[in-house]
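Here is what each chain is made of, one letter per residue.
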Protein chains: 2
Amino acid sequence: MAAAPNPAVIGSRDLRSGVTTPALILDLLAFDRNITEMARRAREADRGLRPHAKGPKCPEVARRQIAAGASGIACATLFEAETMAAAGIPNLLLTSPVIGEARLTRLIAVDALCDGGIIAVIDHAEGIEQLAAAATRAGRRIGVLIDVDVGQRRTGVNDPTTAVKLARAIARQRSLQFRGVQGYYGHLQGLQNFTERQTACQAAMADLARVIDALRNAGLPPQIVTGGGTGSCAIDLDANTFTEIQPGSYPFMDTAYANVDVAGDGSTAFDVALFVETEVVSTNVAGQVTVNAGMKAIPTDGGPVCVASGSPKDSVFRHAGDEFGIISWPDAKAHGLRAGDRMRIVTGHCDTTCNLYAALHVMKEDDLVDVWPITARGRW
Amino acid sequence: MAAAPNPAVIGSRDLRSGVTTPALILDLLAFDRNITEMARRAREADRGLRPHAKGPKCPEVARRQIAAGASGIACATLFEAETMAAAGIPNLLLTSPVIGEARLTRLIAVDALCDGGIIAVIDHAEGIEQLAAAATRAGRRIGVLIDVDVGQRRTGVNDPTTAVKLARAIARQRSLQFRGVQGYYGHLQGLQNFTERQTACQAAMADLARVIDALRNAGLPPQIVTGGGTGSCAIDLDANTFTEIQPGSYPFMDTAYANVDVAGDGSTAFDVALFVETEVVSTNVAGQVTVNAGMKAIPTDGGPVCVASGSPKDSVFRHAGDEFGIISWPDAKAHGLRAGDRMRIVTGHCDTTCNLYAALHVMKEDDLVDVWPITARGRW
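For clarity, every value in this text was computed on a predicted model and none was experimentally measured. Throughout this document, residue positions are counted from 1 along each chain, in the order its sequence is written. Written order decides the labels, with chains lettered from A and ligands numbered from 1. Where local features are concerned, this predicted model is filtered to residues with pLDDT of at least 70; where side-chain atom pairs are given and counted, the filter is 80 or more; whole-chain, interface and lining totals use all residues. Where side-chain values are given, they derive from all heavy atoms of the structure, hydrogens and water being excluded.

**A word on the overall build of chain A**
The cut-off we apply is this: Counting from the N terminus, the helices are DSSP H or I runs at least four residues long and the strands are E runs at least two residues long. Values of the radius of gyration come from C-alpha atoms, whereas the globule rule sets the reference at 2.2 Å times the count of residues to the power 0.38. To sort residues, take the accessible area from a 1.4 Å probe on protein chains only and compare it with the maximum for the residue type: under 20% means buried, over 50% means exposed, and anything in between is partly exposed. It only takes one pair of heavy atoms within 4.5 Å for two residues to be counted as in contact. Exposure was quantified through the Shrake-Rupley algorithm and a 1.4 Å probe, taking into account, for residues, occlusion by the shown protein chains and nothing else.
The number of helices and strands found in chain A is 10 helices and 17 strands. For 380 residues, the compact-globule estimate of 2.2 N^0.38 gives 21 Å, and chain A sits close to it at 22 Å. In terms of overall dimensions, chain A has a C-alpha envelope of 75 × 50 × 35 Å along the principal axes. Looking at the 380 residues of chain A, the share that counts as buried comes to 62%. In chain A, 69% of the contacts between residues at least 6 apart in sequence involve partners at least 24 apart. By element, 47% of the accessible surface of chain A is carried by carbon and sulfur atoms, the whole surface being about 13,500 Å².

What follows is the structure in structure tokens.
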């Protein structure tokens, strides 16, 4: 039985008949521009770039980011790290604190498999003891960062004193290597105004700098200072706090970023490269059509869902249940749209969008040139 | 590498060490009660029961619903139908209008594979012509329902005259068999007050009855009248409009249904059987812990997310990004919770929850007894 995604359609010039909708579409030229642009920015600022894989969850995306100049890949889950390591992606960082014997065993297996190994983050003394014991049992030495809370109140240590205490505890363990700190301000990435975002990020970086100073004074200077996202990349690279950045959204972008002045010149710096292609399934109500993309194809979080092409002027998308969406427009007159007609949607949040699909359909202009499995979703 | 879900843990009495979180947990006893209860209600009302697979997307759930007395299974997508047919599930109904050569070819392949075949719905003359041509080419005869819009303004025909016209067009095609009508009022399922919901459903059923009368008068009496959901099941089975019902949520339930008087006696009629098990990953902020379930593990739509067990009194969950959630409580004092401690969450919407996971971890009281793959997600 035919089931999308269907590798047989690769190379087809007729996307319409070949790819079942709803389908996740990657505009390869925009994607290439985006990964080249971020790599250029990092290189010119002489910083490392460790793109975050939590959004794409796709080894082929990571491979191309590395080829474009990234120094490694950040992962949010162990399953992402396992997927990346198995695909030969080097220099991994697990950005979430890891605890528990089963997870630590998996972490150490990734470290053994991955070229350059995997660095873990911790934010609690118990995490250090568990990781050290697991690494000792396996006869390995694991690099560790201290996760610092720079205002998100989610994970991380809250003060320099605790950070120094933890760094000393790491340094005492022969099976661990203290590598530095992570400070991620995810809550600031979406602030639209550049100056407002810059002020908030600089305050957070000042918090992180106090931790770094305390560690230096304790004789434990961080080699790695990692953090930052797509929204803050220009600010992060302009300041001197981070040795590397870990942005995630920039290859794809979404409407949550549509009005974020990422570059500081009024532009988003990166182009939208990710679309949901959907198809009209019903046309019986004036001024609207029903399409086959609902809450399981287009996430409900993030920015407003935007109809990029294929429908009348000023069209608006709304979710109409799990399986359907409704696209409507102000002029209720006959629209000429028929069942089977296709639209492209820009979603509100690229991370939760990729998480809904088994694969990216890669388009170079009008040609479907590849299908990249989204391998690391649905498991942890 | 170990990757959840891990079949090796089946039979383990120690869920904590065996199953990676976040994990989707099915309470098997509650699930069994739910599927038995709905089957009893349908049997006592002498109606067919064709549970909807769009939520579970899981052949094993469908198999057990059939074993409990269901007469067939409803699907929202062709990929669900293909998955069910391949698993030997009989008597399928595709509840979404289907159009386009590639899809129709797949539909007809499902019809050939499936014991009892698959019934399609249409809401437009063009759909009839396409389906008839595809069935003729394949030398098959496909059963067809007319989808009737009973107030949701999403799919379906809007008036008896159009319905009769379409039924005649179906009857003229030798490769099609006119089987009846579908009228689904999804927008009424969540109305909490029984009387209010009953009044609205009865009005919608009256619309559907006008279509049925017109078809009878035209000499095309519907054999099948299908519709209804979990919220309206008591009302649907009490009235005489439907020959079968197609509820989807009742095996699992969720917080969107928590305050819906499904039974008309003040109760939900069905028990919550679906949980997300999550784990504490950070404890550095007073009055809260951070857990490893964010927007990719707990959907953002539907009812409020509810902490069912494992945390202090009056705990509240909020999403804290893609990968994290924060559980907080009014009393900010020391809570005794440590990293690795586990909580169970009831989500706002069972359909979008299942869609995020590769498998259901099936628990009989405290024992993990099985892992059921959620096969039909992420493809269409």
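Alright, that's what it looks like, and here's the rest.
**Observations regarding the sheet that holds strand E3 (residues 73-75) of chain B**
The pairing of strands in a sheet happens through backbone hydrogen bonds and is either parallel or antiparallel. Residues and elements named next belong to chain B. The condition is simple: Paired strands, in this sense, are two strands between which DSSP finds at least two bridges. For helices, the fitted line uses only the C-alpha atoms of the stretch in contact; every axis is such a line through C-alpha atoms, and the angle between N-to-C directions lies from 0 to 180 degrees.
As summarised here, the arrangement of the eight strands in space is E2-E9-E8-E7-E6-E5-E4-E3, forming an open sheet in which the pairing is parallel. A single partner strand is all that each edge strand has here, and the edge strands are strand E2 (48-49) and E3. Note: E2 against strand E9 (residues 244-245), two bridges, orientation parallel. Of the residues in E9, the one forming a bridge with Gly48 is Glu244. Where helix H5 (residues 101-113) meets the sheet, it contacts strand E4 (92-94), strand E5 (118-122) and strand E6 (142-148), and its direction lies at approximately 150 degrees from that of E5.

**Observations concerning the packing of aromatic side chains**
Pairs of aromatic rings are described using the distance from one ring centre to the other and the angle between the two planes. So the rule is basically this: By convention, a stacked pair of Phe, Tyr or Trp rings (six-membered ring in the case of Trp) has centres within 6.5 Å and planes under 30 degrees apart, an edge-to-face pair has planes over 60 apart, and any other such pair is tilted.
With the rule as written, the count across this model stands at 10 aromatic pairs over all chains. Aromatic pair Trp380 of chain A and Tyr357 of chain B: ring centres 5.1 Å apart, planes at 40 degrees, arrangement tilted. Highlighted residues: Trp380 of chain A in the segment after strand E17 (367-373) and Tyr357 of chain B in the loop between helix H10 (350-354) and strand E16 (359-364), drawn from two different chains. A relative accessible area of 8% places Trp380 of chain A in the buried class. The interplanar angle of 35 degrees and the centroid separation of 6.4 Å between the aromatic rings of Phe31 of chain B and Phe252 of chain B together place this pair among those described as tilted.

**What to know about the nonpolar core**
Stated formally: In this text, buried Ala, Val, Leu, Ile, Met, Phe, Trp, Tyr and Cys residues form a nonpolar core when linked through side-chain atoms within 4.5 Å.
Counting 98 residues, the largest nonpolar core has Leu360 of chain A together with Leu360 of chain B as its most contacted members. When near neighbours in sequence (up to four residues on either side) are disregarded, Leu360 of chain B contacts Leu24, Leu26, Cys58, Val61, Phe252, Leu274, Asp370, Val371, Trp372 and Ile374 of chain B. Counting 57 residues, the second-largest nonpolar core is a separate cluster that includes Leu94, Ala134, Val150 and Ile212 of chain B.

**Things to note about the relation of the copies chain A and chain B**
What counts, and what does not: Superposing the copies works by least squares over the C-alpha atoms of residues that have pLDDT at least 70 in both of them.
At an RMSD of 0.0 Å, chain A and chain B line up after a rotation of 180 degrees and a shift of 0.0 Å along the axis. These values place the two chain copies in the arrangement generated by a two-fold rotation axis. The overlap is high: 100% of the interface residues of chain A also sit at the interface in chain B, so the same surface is used on both sides.

**Details of the environment of Gly231 of chain A**
Residue and element names in this part refer to chain A. Summarising the element assignment, Gly231 is placed in the loop between strand E8 (224-227) and helix H9 (233-238). Sequence separation between Gly231 and Glu365 is 134 residues; the distance between their C-alpha atoms is 27 Å. Residues contacting Gly231, with those up to four places away along its chain left out, are Gln189, Arg197, Tyr257 and Val262.

**What about the interface of chain A and chain B?**
Just so we agree on the cut-off: In short, buried area is how much 1.4 Å probe accessible area vanishes from two parts on joining, totalled over both. Between Lys or Arg on one side and Asp or Glu on the other, a salt bridge is scored when a side-chain nitrogen of the former is within 4 Å of a carboxyl oxygen of the latter. For the purposes of these results, a polar contact is taken to be a pair of N or O atoms within 3.5 Å, where, inside protein, one atom must be able to donate a hydrogen and its partner to accept one; residues adjacent in sequence count only when each atom of the pair is a side-chain atom. When residues are sorted by character, Ala, Val, Leu, Ile, Met, Phe, Trp, Tyr, Cys and Pro go into the nonpolar class, Asp, Glu, Lys and Arg into the charged class, and all the rest, Gly among them, into the polar class.
Tallying the contact residues gives 70 residues for chain A and 70 residues for chain B. At the boundary of chain A with chain B, total buried surface from both sides reaches about 5,600 Å², with 52% on carbon and sulfur atoms. For the pair chain A and chain B, the interface holds six salt bridges. In this structure, Lys54 of chain A and Asp322 of chain B form a salt bridge, with 2.9 Å as the shortest nitrogen-oxygen distance. Here chain A and chain B share 30 residue pairs in polar contact (both at pLDDT 80 or more) between them. Grouping the constituent residues of the side of chain A that touches chain B by class yields 28 nonpolar, 23 polar and 19 charged.

**Re the packing of helix H4 (residues 78-86) of chain B against H5 of chain B**
Residues and elements named next belong to chain B. The condition that has to hold: To sort the angles, those under 35 degrees are grouped as roughly parallel, those over 145 as roughly antiparallel, those from 65 to 115 as roughly perpendicular, and the leftovers as oblique. Crossings are sorted by hand: turned counterclockwise from the far helix by less than a right angle, the near helix makes the crossing left-handed, and turned clockwise it makes it right-handed.
It is at 9 Å that the axes of H4 and H5 come closest, and there the two elements cross at 20 degrees. On the basis of the axis angle, H4 is roughly parallel to H5. Two packed elements cross with a definite hand, and for H4 against H5 that hand is left-handed. Between H4 and H5, the contacting residues are Leu78, Phe79, Ala81, Glu82, Ala85 and Ala86 on the first element and Arg103, Arg106, Leu107, Val110 and Leu113 on the second. Classifying every residue of the contact of H4 with H5 gives eight nonpolar, no polar and three charged.

**Thoughts on the sheet that holds strand E4 (residues 92-94) of chain A**
Residues and elements named next belong to chain A. Strand order in the open sheet made by the eight strands is E2-E9-E8-E7-E6-E5-E4-E3, with parallel pairing throughout. Every interior strand has two partners, whereas the edge strands, strand E2 (48-49) and strand E3 (73-75), have only one. Looking at chain direction, strand E7 (residues 176-183) and E8 are connected through four bridges and run parallel. Paired with Gln182 across the two strands is Thr226, which belongs to E8. Of the strands in this sheet, E4, strand E5 (118-122) and strand E6 (142-148) touch helix H5 (residues 101-113), which is tilted by about 150 degrees from E5.

**Thoughts on the state of the cysteines**
Heads up, the condition is: Note on disulfides: each one is a pair of cysteine sulfur atoms within 2.5 Å.
Summed over all chains, the structure comprises zero disulfides over all chains. As a non-bridged cysteine, Cys201 of chain A has Cys233 of chain A as the owner of its nearest cysteine sulfur, 10 Å distant.

**Some remarks on the pairing of strand E13 (residues 316-319) of chain B**
Regular strands have side chains that alternate between both faces of the sheet. All names here are of chain B. Bridging between E13 and strand E14 (residues 325-328) involves four bridges; their strand directions are antiparallel. When the sheet's bridge partners are listed, Val316 is paired in E14 with Ser328. Once E13 ends, the chain turns through five residues before running back antiparallel as E14, passing Gly321 with a positive phi of about 105 degrees.

**Overview of helix H8 (residues 194-217) of chain A**
All names here are of chain A. So the rule is basically this: By this rule the span expected of a helix is its residue count minus one, scaled by 1.5 Å.
Between the first and last C-alpha of H8 there are 33 Å, a value that for 24 residues agrees with the 34 Å anticipated at 1.5 Å per step. Among the residues of H8, those classed as buried are Phe194, Arg197, Cys201, Ala204, Met205, Leu208, Val211, Ile212 and Leu215. Of the surrounding secondary structure, the elements contacted by the buried residues of H8 are E6, helix H7 (160-172), E7, E8 and H9. Its side-chain oxygen at 3.0 Å from the backbone nitrogen of Thr195, Asn193 defines the N-terminal cap of H8. Positive phi shows up at Gly219, right after H8, with a value of about 80 degrees.

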